[in-house]
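Descriptive analysis of the structure
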Amino acid sequence: MRPSIVVRSEMPGPKTYNPWWGDLSGIQRQKGITQYSLSPFKQRAAKHLIQNYIFNGYRRLAEQVPYWIVPFAIGYGTYTWAKRYDEWLNSKAGHLATGGGGH
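Residues numbered from 1 in each chain as written. Predicted model: local features only at pLDDT ≥ 70, side-chain atom pairs only at ≥ 80, totals over all residues. Heavy atoms only, no water.

Stated formally: UniProt positions are given in the numbering used here, feature names are shortened, and annotations may be inferred rather than shown by experiment.
The name given to the protein chain in an unreviewed UniProt entry is Cytochrome b-c1 complex subunit 8, and the organism recorded there is Gloeophyllum trabeum. Taken from UniProt, the Subcellular location (unreviewed entry) comment for the protein chain reads in full: "Mitochondrion inner membrane".

This is how it looks when you write it as structure tokens:
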């Protein structure tokens, strides 16, 4: 009785559909693989791109306004208040009011 051959990581045998990596000799077409393509005359990827963005983009941006306008207004209000308060603290009136007259 002949012992079976040990399976090693070598070149695949002749009855496999996938050749060894990079081996282009004797390539057979694989069964059960279908490729579809679209005619270049039927492809219109940018059809009405600008018109659709103007209307649909405006609608989508307008839906998001309540979510970003409130935090933006709070942040801008805090920034302007802090800037005015800092200018007042560093002015002559602010120094006199807070008692920090002498540096």
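Read on, since the account is not over.
What about the overall build of the protein chain?
Note the following rule: Helix and strand definitions here come from DSSP, where helices need a minimum of 4 consecutive H or I residues and strands a minimum of 2 consecutive E residues; each element is numbered from the N-terminal end. Remark: exposure states derive from per-residue accessible area (1.4 Å probe, protein chains only) relative to the maximum for the residue type, with buried under 20%, exposed over 50%, and partly exposed in between. In short, Shrake-Rupley with a 1.4 Å probe defines the accessible areas, and a residue's cover is counted only from the protein chains shown.
Each helix and strand counted, the protein chain has two helices and zero strands in total. Out of the 103 residues in the protein chain, the part that is buried amounts to 3%. Counting only carbon and sulfur atoms, one obtains 61% of the accessible surface of the protein chain, whose full area is about 10600 Å².

With respect to the pattern of salt bridges
Threshold: By definition, a salt bridge exists where a carboxyl oxygen of Asp or Glu is found within 4 Å of a side-chain nitrogen of Lys or Arg.
If you walk through the whole model with that rule in mind, you get one salt bridge. Note that arginine 59 and glutamate 63 form a salt bridge whose closest N and O atoms lie 3.0 Å from each other. Here glutamate 63 and arginine 59 lie together in helix α1 (residues 49-89), a separation of four residues that amounts to about one turn. Exposure remark for arginine 59: the relative accessible area of 42% places this residue in the partly exposed category. Overall, the relative accessible area of 44% leaves glutamate 63 in the partly exposed class.

Brief notes about the packing of aromatic side chains
This is how it is decided: The rule is short: rings of Phe, Tyr and Trp, with Trp giving its six-membered ring, pair when the centres are within 6.5 Å, and they are stacked under 30 degrees, edge-to-face over 60, tilted in between.
Scanning the entire structure with this criterion turns up three aromatic pairs. Summarising the aromatic geometry, the rings of tryptophan 81 and tyrosine 85 are spaced 5.5 Å apart at their centres and angled 5° between planes, so their arrangement reads as stacked. Taken together, the residues tryptophan 81 and tyrosine 85, both in helix α1 and four residues apart, mark about one turn of the helix. Taking the relative accessible area as the measure of exposure, tyrosine 85 reaches 40% and is therefore partly exposed. Three or more aromatic residues joined by ring pairs make a cluster, and in this case those are Trp81, Tyr85 and Trp88.

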